[in-house]
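Below are the chains, spelled out letter by letter.
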Protein chains: 4
Amino acid sequence: FKWAQELGLVRKPSTFISTISDERGEELLYAGVPISEVLNQDLGIGGVISLLWFKRSLPRWATKFIEILIIIMSDHGPAVSGAHNTIVTARAGKDLVSSLCSGLLTIGDRFGGALDGAAEAFGSAHAKGISPRDFVDSMRAQKRLIPGIGHRVKSVDNPDARVTLLKRYVRDNFPNGGAAPLLDYALEVEKITTTKRANLILNVDGVSACACISMFRATNAFTPDEIDELISCGTLNGMFVAARSIGFIGHFLDQKRLKSGLYRTEAGDVLYAPPHPNDNM
Amino acid sequence: FKWAQELGLVRKPSTFISTISDERGEELLYAGVPISEVLNQDLGIGGVISLLWFKRSLPRWATKFIEILIIIMSDHGPAVSGAHNTIVTARAGKDLVSSLCSGLLTIGDRFGGALDGAAEAFGSAHAKGISPRDFVDSMRAQKRLIPGIGHRVKSVDNPDARVTLLKRYVRDNFPNGGAAPLLDYALEVEKITTTKRANLILNVDGVSACACISMFRATNAFTPDEIDELISCGTLNGMFVAARSIGFIGHFLDQKRLKSGLYRTEAGDVLYAPPHPNDNM
Amino acid sequence: FKWAQELGLVRKPSTFISTISDERGEELLYAGVPISEVLNQDLGIGGVISLLWFKRSLPRWATKFIEILIIIMSDHGPAVSGAHNTIVTARAGKDLVSSLCSGLLTIGDRFGGALDGAAEAFGSAHAKGISPRDFVDSMRAQKRLIPGIGHRVKSVDNPDARVTLLKRYVRDNFPNGGAAPLLDYALEVEKITTTKRANLILNVDGVSACACISMFRATNAFTPDEIDELISCGTLNGMFVAARSIGFIGHFLDQKRLKSGLYRTEAGDVLYAPPHPNDNM
Amino acid sequence: FKWAQELGLVRKPSTFISTISDERGEELLYAGVPISEVLNQDLGIGGVISLLWFKRSLPRWATKFIEILIIIMSDHGPAVSGAHNTIVTARAGKDLVSSLCSGLLTIGDRFGGALDGAAEAFGSAHAKGISPRDFVDSMRAQKRLIPGIGHRVKSVDNPDARVTLLKRYVRDNFPNGGAAPLLDYALEVEKITTTKRANLILNVDGVSACACISMFRATNAFTPDEIDELISCGTLNGMFVAARSIGFIGHFLDQKRLKSGLYRTEAGDVLYAPPHPNDNM
Ligand SMILES: CC(C)(COP(=O)(O)OP(=O)(O)OC[C@H]1O[C@@H](n2cnc3c(N)ncnc32)[C@H](O)[C@@H]1OP(=O)(O)O)[C@@H](O)C(=O)NCCC(=O)NCCS
Ligand SMILES: CC(C)(COP(=O)(O)OP(=O)(O)OC[C@H]1O[C@@H](n2cnc3c(N)ncnc32)[C@H](O)[C@@H]1OP(=O)(O)O)[C@@H](O)C(=O)NCCC(=O)NCCS
Ligand SMILES: CC(C)(COP(=O)(O)OP(=O)(O)OC[C@H]1O[C@@H](n2cnc3c(N)ncnc32)[C@H](O)[C@@H]1OP(=O)(O)O)[C@@H](O)C(=O)NCCC(=O)NCCS
Ligand SMILES: CC(C)(COP(=O)(O)OP(=O)(O)OC[C@H]1O[C@@H](n2cnc3c(N)ncnc32)[C@H](O)[C@@H]1OP(=O)(O)O)[C@@H](O)C(=O)NCCC(=O)NCCS
């Protein structure tokens, strides 16, 4: 982009600049790669994300890892806020896009935000050279839960299949014998928290976030600043959003097939607490 | 689901019924398949969509085809309505989800709707046994364009790479020697329209819609009614939406990296035509 | 606008045409009226809607009626789909706009759509000169409920305060002694349905829709075609949306003040009905 | 609400608590006030907002002021981000709610956020007892623009009609002879900035924000903490959003009437800057 600015190509403020794709020529290009090449080289959905989000042709071990993350996060049942709102909107008879958006709009710090939280917490502690022990102690002193640590059901003795699969993929496929320093750091933290309670494991959000950053680093395709920028722009959040869109659309189609009627919260599930007559009125 | 109703499991109207996934047990299930199986069998994103949207483990030739459709539709540049609104929202400083939804909400009949339009037009003509010639003539008599036919640039002599790739995939991978009767029908229609003008080819939307329906049929996993229901519930639209979400998120990240400022339509691009003093006021 | 086209002022397709307001000059104009005039003449919110939606300075009895409609529709409690989704999104920690939009996206035929439904049903029957008796019989023959008729609690002997107020406003303030032919027609229908059951009254949606159309007509500011166009463009729906936005924002602020935590559907409220192993898989 | 908690009325976490309205009884209640009272007392849209957002029956001088703010902010032309995205979505053929939401989602810090910014900047400086001079100097030292100060066209000698009207309303109608200490403070700041440049006036956002907070204080209906909470919950933002919804719906109806076609950014307005072959790929 800098070369464009230097060449004086950037015009008036209402002009749009776009650097990820180009539909004008003989063939549609994703980050400069013709769509036929994308298909012929079997880059997969992970390869498409590499091109459109990172403007890089990442190696296959990395694009495959992105695909696994998308698959693992595609759905987590109907009870979470986003699936719930999609279902309520579908039951109000609305179209697919409206239902999907009603659900997506719930995604943020509390629902779906664990990835960014874990990336930030582990990433900055690791970068500052804080020891795992000091990290656990300081979080405890601040009375903050460590994002990415803890599971209601899973524990050291009853591991989460997704976590096992992700860790195995990293060790078997990342370069330099499966090196992933940030993931290693988080696993050191887990060793400390699980001595306290067996369910304070590094959960699927924690593993995903740390392994994903380790992946960016191991490709050698990004400067450290570029990786920080990727994270701060919301790339991890974007993975959750792109993945879960598939699940929300599934819930929409499910309700349509079921011909579910209009939802209305049951009277018994609402506590009506109108302002008291004496409440400073 | 019927068995559930018969067993009297369906309760009060505020209860939710959900049939696509289950996050309660030892392992997350997508349509009954444990997530570890989804990964171990390398079902890919097409397999996940099969499970969460169709509640079926479709054969690999079918799930791979779904993946190709998603890849082809992931982006088509910054100028279309949806990418544009995502970009404008990103430039207003908003978060990823808000920007994505602002873009998704433009998807409908005019932008992104060609798949559903083509499925409906070719599907119903084919089902009613109308000959390709009669179909073309009757659309012309009604002064309607055939959805899925025509391209501004591509033509018989300058084929669209995506169309070529999709057709080749169908012929090489669909069962019974690449049989796809609805696609065949649409290609017969193309023969007629291209004799009129070389650019009235079956375009990428037309091929995708017809091939996708042919795919559903060739799996033998759905009754004809179930396929009609899938289409009418918006499944093809859903594929476009899920795919293009990847592109819109790419455009969001692109604008964040570029640190683009607030967009404002230039005065010269707006014609202000206030009500005339004499306009029945 | 025609004069603009004739003068050749309409340019390239990417140009925007806008006819409701103008912010370029000395003073902001709403449909040509300076904002200071809007305030000095005390046009109120109904006057602003007249200017921005209808490009007309409607008489005070009409703008006041619009204001009453907005007030009556501003909220109807937390249990309806839209308030519910706004509340769930607020509880997920999201911002005001995201929460509001998540709720608004549920508005359509089933939730909030009674106005358009009643306008369409009564309006077309009345226009075709079908007698109230024939209208009721033909709806019954088609096994369709008459939109705008019926209330769970209210009845002939226990009238709805909002309905009483609206009807009184029409009779006391509309020109020609409170003439409102479409409302009269709907009240004739009510006479028939309430002889069957006392709760089959013309409800608040029915009165609002019929009275609103009668209001458009009584202003003599619109041709019949313009009124039909207003309805078909979604004006009544727009009134509900603009009004209920106030309520949804109220629910958002309410949850923020209450510091409500993340919502998750209780396991007991979901029936998980995964595909049966034998379900054609 | 506390009394409810004490009485043990708060149940399981999936229960909703709602304190602003109640639709269950004989009459719909807004913050305990029956809807017939709302209309009979002519509380207006400002009164409805008082009840549903603040759970207070504010005095008429205050509710009228809220109404004026809503009217002034209802629209500001088609060129701003939100009206633009609403227009693009309407031109894509989408429904009213989708078009409105696509526009609303652009509202945030950069578009529409001046109210919150000004409230925060002036409010905290005033609360800390920083003199106007020190405030201007310290913002300058931090190289930050003062939100709520400055206008492209309007100046000391060419005042903005909206500002004049708002200030006059405050002086003529607020209690204690039109007392508004925060507004006074902001006007002292304006005296300093306009000696530098005549266009560095307190703009309509600055006046609105400061006067609105002064209004909350002058009612004596809120504790200082409650006012801070109102602001931090996004109440000022909510006023802009509720007001501008009217304008966006107007733009939607406008485009429908104009039968505007699908928008597509012109090729000449986009700079395609794909990743350079040599860009670390
Ligand atoms: C799963 C979870 C709810 C644990 O539930 P629980 O077993 O009921 O645990 P409790 O909340 O009772 O806490 C038990 C102890 O573990 C500690 N603990 C729990 N989660 C912790 C965490 N994430 N980090 C550090 N300590 C934690 C608690 O502080 C408490 O310690 P104490 O007894 O000394 O006070 C909790 O670990 C959690 O929320 N983790 C997820 C964090 C996360 O990734 N959130 C992102 C959400 S999108
Ligand atoms: C691509 C397209 C714009 C053609 O552009 P064009 O070359 O400028 O063609 P024109 O609009 O000038 O039409 C030329 C002739 O071809 C005919 N024609 C164009 N598209 C046609 C179609 N889809 N079906 C049938 N006839 C078509 C026109 O009727 C016209 O015939 P006439 O000369 O006898 O009147 C047009 O084919 C098209 O819009 N196709 C896409 C349809 C579609 O899939 N839309 C989905 C949008 S999401
Ligand atoms: C309020 C309402 C639910 C009535 O509830 P109810 O008292 O339980 O009435 P039921 O559904 O048991 O119907 C009782 C009888 O009244 C008839 N009836 C009910 N609503 C009717 C209507 N709107 N129009 C005509 N007949 C109606 C039913 O057909 C039934 O007749 P039957 O006994 O001969 O079969 C129903 O009138 C209704 O839904 N009205 C609202 C319509 C509307 O405006 N919808 C917009 C939604 S946004
Ligand atoms: C209107 C506005 C663009 C001024 O445009 P302009 O006349 O072109 O002014 P410039 O940007 O050239 O600045 C000229 C001088 O005024 C100063 N200035 C401009 N706006 C200022 C402000 N809001 N506060 C303090 N100083 C300001 C600049 O720092 C500059 O000083 P310098 O010459 O010593 O460097 C600017 O005042 C502004 O953006 N104000 C609005 C702030 C606001 O409310 N934003 C909310 C947006 S939702």
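Reference entry: report on the structure contained in this document.

A few points about the relation of the copies chain B and chain A
You can overlay chain B on chain A at an RMSD of 0.0 Å; the transform is a turn of 180° with a shift of 0.0 Å along its axis. Taken together, the turn and the small shift mark the pair as related by a two-fold rotation axis. Ranked by how close their C-alpha atoms come to the rotation axis, the residues of chain B are headed by C101 of chain B, at 2.8 Å.

Quick look at the site of ligand 4
Residues and elements named next belong to chain D. Around ligand 4, a shell composed of 16 residues is seen, among which I146, G148, I149, K196 and N199 lie nearest. Side-chain polar atom of R140 to an oxygen atom of ligand 4: 3.0 Å apart, as the coordinates give it. Note that an oxygen atom of ligand 4 is positioned 2.8 Å from one of the side-chain N or O atoms of K196. Split by residue class, the shell around ligand 4 holds six nonpolar, five polar and five charged.

Observations concerning the packing of helix α5 (residues 81-91) of chain B against helix α5 (residues 81-91) of chain D
Pairs of packed helices are described in terms of their axes, by the angle between the two and the distance that separates them. At their nearest, the axes of α5 of chain B and α5 of chain D sit 10 Å apart, and the two run at 170° to each other. By the angle between their axes, α5 of chain B is roughly antiparallel relative to α5 of chain D. Where α5 of chain B abuts α5 of chain D, its residues S81, H84, N85, V88 and T89 of chain B lie against S81, H84, N85, V88 and T89 of chain D.

Brief notes about helix α3 (residues 44-54) of chain A
All names here are of chain A. For α3, the tally of buried residues reaches eleven of eleven residues, placing the bulk of the element in the interior. Turning to α3, its buried residues are G44, I45, G46, G47, V48, I49, S50, L51, L52, W53 and F54. Looking one or two places after α3, you find K55, whose phi comes out positive at around 55°.

Re the site of ligand 1
Residue and element names in this part refer to chain A. In the vicinity of ligand 1 lie 16 residues, with I146, G148, I149, K196 and N199 positioned nearest. Taking R140, its side chain carries an N or O atom lying 3.0 Å from an oxygen atom of ligand 1. In the environment of ligand 1, a nitrogen atom lies 2.8 Å from a nitrogen or oxygen atom belonging to the backbone of I149. Burial of ligand 1 by the protein chains amounts to 61% of its free accessible area of 900 Å². Here the shell around ligand 1 is composed, by residue class, of six nonpolar, five polar and five charged.

Thoughts on the interface of chain B and chain A
Taken together, the contact between chain B and chain A spans 85 residues of the former and 85 residues of the latter. Counting the surface lost from both chain B and chain A, the interface buries some 6,900 Å², and carbon and sulfur atoms represent 67% of this. Among the residues chain B hides against chain A, the three largest losses belong to F16, I71 and R257 of chain B. Together they make up 10% of the total. For the interface between chain B and chain A, the tally reads six salt bridges. For the interface between chain B and chain A, the tally reads 28 residue pairs in polar contact (both at pLDDT 80 or more). Counting residues per element, the side of chain B that touches chain A draws most heavily on helix α14 (residues 235-258) of chain B, at 18 residues. When grouped by side-chain class, the residues that make up the side of chain B that touches chain A number 44 nonpolar, 22 polar and 19 charged.

Some details on the pattern of salt bridges
Using the criterion set out here, one finds 48 salt bridges over all chains in the structure. Residues R264 of chain D and E23 of chain A are paired through a salt bridge, measuring 3.0 Å at the closest nitrogen-oxygen approach. Within this pair, whereas R264 of chain D is found in the loop between α14 (235-258) and β5 (270-272), its partner E23 of chain A is found in the loop between β2 (21-22) and β3 (29-30), the two belonging to separate chains. One salt bridge in this structure joins R162 of chain D and D160 of chain D, with 3.2 Å as the shortest N-O distance. On the basis of relative accessible area, R162 of chain D is assigned to the buried category, the value being 9%. Residue class for D160 of chain D comes out buried when judged on its relative accessible area of 6%. Linked by salt bridges that have partners in common, D42 of chain A together with K64 and E67 of chain B make up one network.

What counts and how
Residues numbered from 1 in each chain as written. Chains lettered and ligands numbered in written order. Predicted model: local features only at pLDDT ≥ 70, side-chain atom pairs only at ≥ 80, totals over all residues. Heavy atoms only, no water. Least-squares fit on C-alpha atoms with pLDDT ≥ 70 in both. Near = heavy atom within 4 Å. Polar contact = N/O pair within 3.5 Å; in protein donor to acceptor, adjacent residues only side chain to side chain. Nonpolar A, V, L, I, M, F, W, Y, C, P; charged D, E, K, R; others polar. Axes fitted to C-alpha atoms, helices over the stretch in contact; angles between N-to-C directions. Helix = DSSP H or I, 4+ residues; strand = E, 2+ residues; numbered from the N terminus. Parallel < 35°, antiparallel > 145°, perpendicular 65-115°, else oblique. Contact = heavy atoms within 4.5 Å. Buried < 20%, exposed > 50% of the residue type's maximum accessible area, 1.4 Å probe, protein only. Areas by Shrake-Rupley, 256 points an atom, 1.4 Å probe, with all protein chains shown as cover. Buried area = accessible area lost by both parts, 1.4 Å probe. Salt bridge = Lys/Arg side-chain N within 4 Å of Asp/Glu carboxyl O.

The values reported here are purely geometric and, on their own, carry no functional implication.
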